[in-house]
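# Commentary on secondary and tertiary structure
The residues making up each chain are set out below.
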Amino acid sequence: MTKIIYPGQTIGIIGGGQLGRMMALAAKEAGFKIAVLEPSMDSPGGQVADVRIVAPYDDEAALEELAEVSDVITYEFENIDYEGLKRLSQMAYVPQGAELVRITQDRVTEKEAIMNAGCPVAPYLVVNTYEELLANIDRISYPCIVKTARGGYDGKGQQLLKSAEDLPLAKGLFSHSQCIVEGFVPFVKEVSVIVQRNGNGESYCQPVGENIHVHHILHETIVPARIKEETSLAAEREAFKIADYINLVGTLAVEMFVLEDGGIVINELAPRPHNSGHYSIEACNVSQFHQHIRAVCGWPLCKPQLWAPSIMVNVLGQHVMPLSNSIAKYPEWSIHLYGKAEAKVNRKMGHVTIMTKNLEETLQQIESSGIWSE
Ligand code: AMP
């Protein structure tokens, strides 16, 4: 049953990373209190929480404590223990349920859900062992990509196979989990749609973003995506189809490939606010974080509207110093840093959002700033 959670009540968040932090900041604007469960002491989310529970995500006593102090519980990442979340949903109010986490934790169940919703995916096979890969590879043509079914992110747990000679490169992946092997999609653009839905079935998409990856890590999101209007509408339709099929409550980020002819193939799902939606904090009337909080608190959703074209650029560990040295030069940039102590190479430390009248000029400005040259 959908409950309404009111300001002054407490939202519990499993996970204390940057997504939890930005959810918490949005919720605090409306006067909610925040409890965060996170094993590390000084986490981005913990820094802005009213109540910090420092313990592993699957710690029974800690989950009970979170249930006790929270009026509603949400999560900021999908790799939480499904059984633990299921138990938690029996003793606390978890409007998103545990099912979506089960589905999106595993590429096999995720692909099945996308297909059952009536949306297109790349041709793929499930392979349990390296020997099964060898025996069945002829059913998928080269180039193809082997991906671990569980636990991969930012290109980790993946191997591109250009020809049969590359097959041995995929052998190690099978020590992690079952894998899928997937045909390479000759996409012209990667886009993502963040769809959000409340318990009454009211749903909206944030404007479609175009994603540019560098070394498999999201580098920039450009909004609106530089695709045809009809492709953008089709992308939103696909996201709504999946959201309705899974009876979404909260947020689902749908990553998609756009083909030369404007066709769309769904790549993967994330059941939470997404890095590619950070632009919405400044560039939209309702950010993905505000809308997420509205959805899990049973509030009516607000129809997203883009104030201006915008570009979000990720700030990784190696970009922190050059960015800090350049702050004075770019007064129009919105700078977000997540409060992480250690700026390790490729670690997501923050992001910059730039609203602009001219996307191409701003892309040029970002490039020539030299901040992201490493
Ligand atoms: P994933 O972890 O599935 O999001 O994959 C990471 C990145 O690898 C994607 O953003 C794409 O750039 C690339 N990629 C993944 N799957 C495919 C595919 N089937 N065809 C082409 N590129 C892919």
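Residues numbered from 1 in each chain as written. Predicted model: local features only at pLDDT ≥ 70, side-chain atom pairs only at ≥ 80, totals over all residues. Heavy atoms only, no water.

### Some points on the domain arrangement of the protein
Annotation of the protein at the domain level lists domain 1 (10-94), domain 2 (123-183) and domain 3 (187-368). Computed from C-alpha atoms alone, the centre-to-centre distance between domain 2 and domain 3 is 29 Å. (Domains from an automatic or database assignment.)

### Considering the site of the ligand
The local shell around the ligand holds 16 residues, among which Gln158, Glu182, Val185, Glu190 and Glu268 are the closest. Glutamate 182 places a polar side-chain atom, nitrogen or oxygen, 2.7 Å from a nitrogen atom of the ligand. Glycine 183 places a main-chain nitrogen or oxygen 3.0 Å from a nitrogen atom of the ligand. Starting from 470 Å² of accessible surface for the ligand in isolation, the protein chains cover 93%. Elements with a contribution of two residues or more to the shell around the ligand: strand 6 (144-148), strand 8 (179-183), strand 13 (250-258) and strand 14 (264-270). Looking at the shell around the ligand residue by residue, the classes come out as 5 nonpolar, 5 polar and 6 charged. (Near = heavy atom within 4 Å. Polar contact = N/O pair within 3.5 Å; in protein donor to acceptor, adjacent residues only side chain to side chain. Areas by Shrake-Rupley, 256 points an atom, 1.4 Å probe, with all protein chains shown as cover. Helix = DSSP H or I, 4+ residues; strand = E, 2+ residues; numbered from the N terminus. Nonpolar A, V, L, I, M, F, W, Y, C, P; charged D, E, K, R; others polar.)

### Thoughts on the pairing of strand 11 (residues 209-214)
Two elements, strand 9 (residues 189-197) and strand 11, share 3 bridges in a ladder whose sense is antiparallel. Its bridge partner lying in strand 11, valine 191 is registered against glutamate 210. Two strands pair when backbone bridges link them, and strand 11 and strand 12 (residues 217-223) are joined in this way by 5 bridges, in the antiparallel orientation. When the bridges of strand 12 are listed, glutamate 210 appears paired with isoleucine 222. Hairpin connection of strand 11 to strand 12: 2 residues between the antiparallel strands, including histidine 215 at a positive phi of 50°. (Pairing = 2+ DSSP bridges.)

### A word on the sheet that holds strand 8
Strand order in the open sheet formed by 4 strands is 5-8-6-7, with antiparallel pairing between adjacent strands. Looking at which strands have only one partner, the edges of the open sheet turn out to be strand 5 (124-127) and strand 7 (158-161). Across this sheet, the average inter-strand angle for adjacent strands is 20°, counted without regard to direction. As paired strands, strand 6 and strand 7 are joined by 4 bridges and run antiparallel to one another. The residue of strand 7 that forms the bridge with cysteine 144 is leucine 161. (Axes fitted to C-alpha atoms, helices over the stretch in contact; angles between N-to-C directions.)

### Things to note about the packing of helix 1 (residues 18-29) against helix 9 (residues 288-296)
Relative orientation of the contacting elements helix 1 and helix 9 amounts to 70°, with a least axis distance of 8 Å. By the angle class used here, helix 1 and helix 9 are roughly perpendicular. Counting all contacts with helix 1, which are made through Leu19, Met22, Met23, Ala26, Ala27 and Glu29, the residues of helix 9 involved are Phe289, His290, His292 and Ile293. Here the residues of the contact of helix 1 with helix 9 are counted per class, giving 7 nonpolar, 2 polar and 1 charged. (Parallel < 35°, antiparallel > 145°, perpendicular 65-115°, else oblique. Contact = heavy atoms within 4.5 Å.)

### A closer look at the state of the cysteines
Using the criterion set out here, one finds 0 disulfides in the structure. There is no disulfide at cysteine 179, and the cysteine sulfur nearest it, in cysteine 144, is 12 Å away. Using a relative accessible area of 0% as the deciding quantity, one classes cysteine 179 as buried. As a non-bridged cysteine, cysteine 297 has cysteine 302 as the owner of its nearest cysteine sulfur, 15 Å distant. Judged by its relative accessible area of 0%, cysteine 297 is buried. (Disulfide = S-S within 2.5 Å. Buried < 20%, exposed > 50% of the residue type's maximum accessible area, 1.4 Å probe, protein only.)

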